[in-house]
Number of protein chains: 2
Amino acid sequence: MNDQPHERREPDGLTRRRLVAGTAAAIGLAMLRRSAFPQTGPAPPPSRPLGGTATVLGARAPQEKLQRIVFGTMHGMSLTPLQDLHGIITPSDLHYERHHAGVPAIDPHEYKLLIHGMVDRPTVFDLEALKRFPAVSRFHFLECSGNGSSGYTDVRPDQSPQVVDGLTSTSEWTGVSLSTLLREVGVHPRATWFLAEGGDAALMARSIPIAKAWDDAMIAYGQNGEALRPEQGYPARLLLPGWEGNTNVKWIRRLEFADRPFMTRDETSKYTDPLPNGTARMFSFVMDAKSIITSPAYPAAVTGHGWWDVTGLAWSGRGRISRVDVSTDGGTRWSPAVLEQPVLPKCHTRFTFPWKWDGAEALLMSRATDETGYVQPTLAELRRVRGLGTNYHFNNMRAWRVRRDGSVLFGLEG
Amino acid sequence: MNDQPHERREPDGLTRRRLVAGTAAAIGLAMLRRSAFPQTGPAPPPSRPLGGTATVLGARAPQEKLQRIVFGTMHGMSLTPLQDLHGIITPSDLHYERHHAGVPAIDPHEYKLLIHGMVDRPTVFDLEALKRFPAVSRFHFLECSGNGSSGYTDVRPDQSPQVVDGLTSTSEWTGVSLSTLLREVGVHPRATWFLAEGGDAALMARSIPIAKAWDDAMIAYGQNGEALRPEQGYPARLLLPGWEGNTNVKWIRRLEFADRPFMTRDETSKYTDPLPNGTARMFSFVMDAKSIITSPAYPAAVTGHGWWDVTGLAWSGRGRISRVDVSTDGGTRWSPAVLEQPVLPKCHTRFTFPWKWDGAEALLMSRATDETGYVQPTLAELRRVRGLGTNYHFNNMRAWRVRRDGSVLFGLEG
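How each quantity is defined
Residues numbered from 1 in each chain as written. Chains lettered and ligands numbered in written order. Predicted model: local features only at pLDDT ≥ 70, side-chain atom pairs only at ≥ 80, totals over all residues. Helix = DSSP H or I, 4+ residues; strand = E, 2+ residues; numbered from the N terminus. Buried ≥ 20, exposed ≤ 12 C-beta atoms within 10 Å, placed from the backbone. Contact = placed C-beta atoms within 7 Å. Least-squares fit on C-alpha atoms with pLDDT ≥ 70 in both. Domains from an automatic or database assignment. Nonpolar A, V, L, I, M, F, W, Y, C, P; charged D, E, K, R; others polar. Pairing = 2+ DSSP bridges. pLDDT = per-residue confidence, 0-100. Core = buried A, V, L, I, M, F, W, Y, C linked by C-beta atoms within 7 Å. Arc of directions from axis to C-beta.

Some words on the overall build of chain A
Here comes step 1: Regarding its fold elements, chain A presents 8 helices and 24 strands.
Here comes step 2: In chain A, buried positions account for 50% of the 414 residues.
Here comes step 3: By sequence separation, contacts in chain A at least 24 residues apart represent 71% of the contacts at least 6 residues apart.

Let's talk about the relation of the copies chain A and chain B
Here comes step 1: Take chain A, turn it by 180°, move it 0.0 Å along the axis, and it overlays chain B with an RMSD of 0.0 Å. Expressed as an axis order, the relation between the two copies is that of a two-fold axis.
Here comes step 2: When you check the interface residues of chain A against chain B, 99% turn up at the interface there too, and the contact is symmetric in its surfaces.

Digging into the domain arrangement of chain A
All names here are of chain A.
Here comes step 1: For chain A, the assigned domains are domain 1 (69–281) and domain 2 (290–410).
Here comes step 2: Between the C-alpha centres of domain 1 and domain 2 there is a distance of 26 Å.
Here comes step 3: Contact with domain 1, which involves 33 residues of that partner, is made by 32 residues of domain 2.
Here comes step 4: Among the elements of the structure, β6 (135–143), α4 (161–165) and β14 (273–274) are those that each provide at least two residues to the side of domain 1 that touches domain 2.

A few points about the interface of chain A and chain B
It is common to report an interface's size as the accessible area lost on association of the parts.
Here comes step 1: Across the contact, 95 residues belong to chain A and 95 residues belong to chain B.
Here comes step 2: Only β2 (77–79), β4 (112–117), β6, β7 (168–177), β11 (226–227), β13 (252–258), β17 (306–315) and β21 (349–357) of chain A provide two or more residues apiece to the side of chain A that touches chain B.
Here comes step 3: Looking at the side of chain A that touches chain B element by element, the count peaks at 4 residues for β13(A).
Here comes step 4: Across the side of chain A that touches chain B, the residue classes break down as 44 nonpolar, 30 polar and 21 charged.

Concerning the pairing of β4(A)
Residue and element names in this part refer to chain A.
Here comes step 1: The alternating pattern of β4 places Leu113, Ile115 and Gly117 on a buried face and Lys112, Leu114 and His116 on a face that is not buried.
Here comes step 2: Alignment of β4 against strand β5 (residues 123–126), held across 4 bridges, turns out to be antiparallel. Bridge pairing in β5 links leucine 114 to valine 124.
Here comes step 3: Here β4 folds back onto β5, and the loop between the two strands holds 5 residues.
Here comes step 4: Sheet topology note: the β4/β13 ladder contains 4 bridges and is parallel. Opposite histidine 116, over in β13, you have glutamate 256 as the bridge partner.

A few points about the confidence of the model for chain A
Residue and element names in this part refer to chain A.
Here comes step 1: Residues with a pLDDT of 70 or more make up 89% of chain A, whose mean pLDDT is 90.
Here comes step 2: Note on residues 1–38: pLDDT is under 50 here. Beyond four places in sequence and across chains, it has 25 contacts.
Here comes step 3: Across the assembled chains, the prediction reports ipTM 0.89 with pTM 0.90.

Examining the nonpolar core
Here comes step 1: Judged by nonpolar contacts, the single largest core of 74 residues is most densely connected at A:Leu364, A:Trp400, B:Leu364 and B:Trp400.
Here comes step 2: With residues near it in sequence (within four places) discarded, B:Leu364 still touches B:Ile293, B:Val310, B:Thr328, B:Ala399, B:Trp400 and B:Val402.
Here comes step 3: Counting 50 residues, the second largest nonpolar core, distinct from the first, contains B:Ile115, B:Met118, B:Leu238 and B:Leu239.

Points about the sheet that holds strand β3 (residues 97–98) of chain B
All names here are of chain B.
Here comes step 1: Strand order in the open sheet made by the 3 strands is β1-β2-β3, with antiparallel pairing throughout. For this open sheet the edge positions go to β1 (69–71) and β3, each flanked by a neighbour on one side alone.
Here comes step 2: Pairing of strand β2 (residues 77–79) with β3, which is carried by 2 bridges, proceeds in the antiparallel orientation. Pairing of serine 78 across the sheet is with glutamate 97, part of β3.

A look at helix α5 (residues 178–185) of chain B
Residues and elements named next belong to chain B.
Here comes step 1: Listed in full, the buried residues belonging to α5 are Leu178, Leu181 and Leu182. Viewed end-on, α5 has its buried residues packed into an arc of 105°, placing them on one side of the element.
Here comes step 2: In the core, the buried residues of α5 are packed alongside β4 (112–117), β7 (168–177), α6 (210–215) and β10 (218–223).

With respect to the sheet that holds strand β1 (residues 69–71) of chain A
Here comes step 1: On the basis of which strands lie adjacent, the open sheet formed by 3 strands has the order β1-β2-β3 (chain A) and antiparallel pairing. The sheet terminates laterally at β1 and β3 (97–98) of chain A, the two strands that pair on one side only.

Description of the pairing of strand β13 (residues 252–258) of chain B
Residues and elements named next belong to chain B.
Here comes step 1: With 7 of 7 residues buried, β13 lies mostly within the body of the structure.
Here comes step 2: Relative to β13, strand β8 (residues 193–198) runs antiparallel, the two being bridged by 6 bridges. For phenylalanine 194, the partnering residue across the bridge sits in β13 and is phenylalanine 257.

Here we look at unusual backbone geometry
Here comes step 1: Residue A:Pro235 is bonded to the preceding A:Tyr234 through a cis peptide linkage, with omega at 5°.
Here comes step 2: Looking at the secondary structure, you find A:Pro235 in the loop between β11 and β12 (237–239).
Here comes step 3: For the bond from B:Ser295 to B:Pro296, the omega torsion is 0°, close enough to zero to count as cis.
Here comes step 4: As for its placement among the helices and strands, B:Pro296 is situated in the loop between β16 (290–295) and β17 (306–315).
Here comes step 5: Residue B:Asn224 is not a glycine yet carries a positive backbone phi of 50°.
Here comes step 6: By the element assignment, B:Asn224 lies in the loop between β10 and β11 (226–227).
Here comes step 7: Its 30 C-beta neighbours within 10 Å are what place B:Asn224 among the buried residues.

Quick look at helix α5 (residues 178–185) of chain A
Here comes step 1: Check the buried side of α5(A) and you find it contacts β4, β7, α6 (210–215) and β10 (218–223) of chain A.
Here comes step 2: Phi for A:Gly186, located one or two positions after α5(A), is positive at around 70°.

Next comes the structure, spelled out in structure tokens:
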């Protein structure tokens, strides 16, 4: 061991020293350095030249090619690369997108939010007014209500986590509690619903029970420390923690309080789930507990026998994730995964599970349970209750088939 | 109130409706739309045209001009714009920088970490090998040990939070626990210290007590969900939660285990604090509890009487923040601030305090207490213990003077 004063050396110093002793003992250090890093040869090691200076704004390393996948006929959708991400935070430029008439360009100095209807003091708030109220910051996932349809109705084996479930992301959101604004405008005791209307060309509009406004709803203007990104509703959006993405109306410009829902196009022609018995689920706001293993997962392969870290995300719109179980045999035996701290309510939770691969075919599955006791259903269970006519709330368990050659395919029949 | 089916209207719909009734009642809807948004007039409202399509990578709204301030003669430093940020997460492109020989460009496929010295199995790990170990993710602040010198020795009034204390940021870090690697290489029971050496041209090197390796140190390769940014040590760095920034050696390439510290240049000529009694503090690793109000703060002004949300950040290298108190009279009376959840160990904590400004001059101060009972000292208290010859660990309380005209200056004598 080293008991000399600290000496600077290359990581391969021992190897180089042997080389020197054998073939170039007489050559001085200066010559060695010159021959080790000739000016016309390969680039010098990164520890040689002075590096780049500090910058006003950082950028990713050029080797890191993270991208959303743009999807849908209107280019109104992009998916988060879940398989490439660590922890629970989604970088803001990789947060999934879903919009019905594109991303409007709103001048924050022109932005206004009108609150009216069954209130004592109808009021128009500009952005500065909203920011002057006490701010709250919370970590929450968002998930499109249609997320995961390709894990329910169209289970193709060559799908990555991004393609299967990339319409969910987590951010730290900052804004003003809607309850603060309700007190400010004096909402009537008999008001039971409010309309939330967006300022995009779709005029996205949903009816929301007022209890959510008094609970944890906020008008958010901050995302991961900075302003909302344009595709997330810049300069302000409604945030309804744990509720389906479309109710978190972006570019929010109007809240109207009433004593009944408004029955908008966006909640009648869409976002209502037909059921096998001929009735339909309407106002199915809450995103139920769900999980997905993000590694190993298609298209990545398990490249050797031995220990692997099975990891993924779990979340519930009803509160905290209380446990995640992992099966490597398609659901016969289950073992608890480790939940990374912090486990926050209505937020992605990272789970990990050590798995020793012996080369046999394996079926990796995860099963989330939330603090209400709700357990993520199997595909068969969910299909039995919901039928095949639904377009929303696909929270059934996902499976990854690890084949003998180490390749990984999506679905039980992959 | 509205009990009709939902009707789409502009936020200024009522006004326009009056205009129509008074001056253009005979004009059909098509004509109205044409006259309200003439093609040669001002731009249409953002709710009219189809917006932008989804993109593979998002970008900030053009109105958001967030920047680090580049500082120092070598351009080896940049500061986070604390006054512009919400919550606790620092966007990765705004995380502060400090490097001693610039940012090296390291090919992740060439990257290697050597662990040797008092170990049974000296080992070279490449990046894939590090990523195959069980991963951990944690939210932690980093702070340069020199952060806040301009709040200690050079208290000028025209300084923003970014200039005073912008060498601290918070990220979610992902990596492998150093304790996992210690078990892998079989560190000797008699090893008490290790050398951490970086792969930049400064070959930054620090001696670290082995207890920190067994506690919560990690080799981090992830930051806020994605790979480390280049200026944060891409592709891997040492992370020592709560310890002074320079010990979190970036571009980490070598760990050497020994039974004594190595007395490197970086811990003898620098990062040792002379004391007034002629002795010096060496290996002063832990960043003590600290806080700063980030709003209101120079250069922003308090633009009117009434309620304001006083907000800022508090943190401690010893664990969780247990309370933050705010004074509006320069430290005579103190009141507890609200701590935003989650309050995480060795992580920024956001605090808020409602304050009603009556137009009189005010002196806003914050005082952090951590879970060990440590209380952030006053400037006078810290100067008495440390003297004026020190360059590190400036965690004294900060003050903002609100003048009668609403302008805000830094320092008690601003």
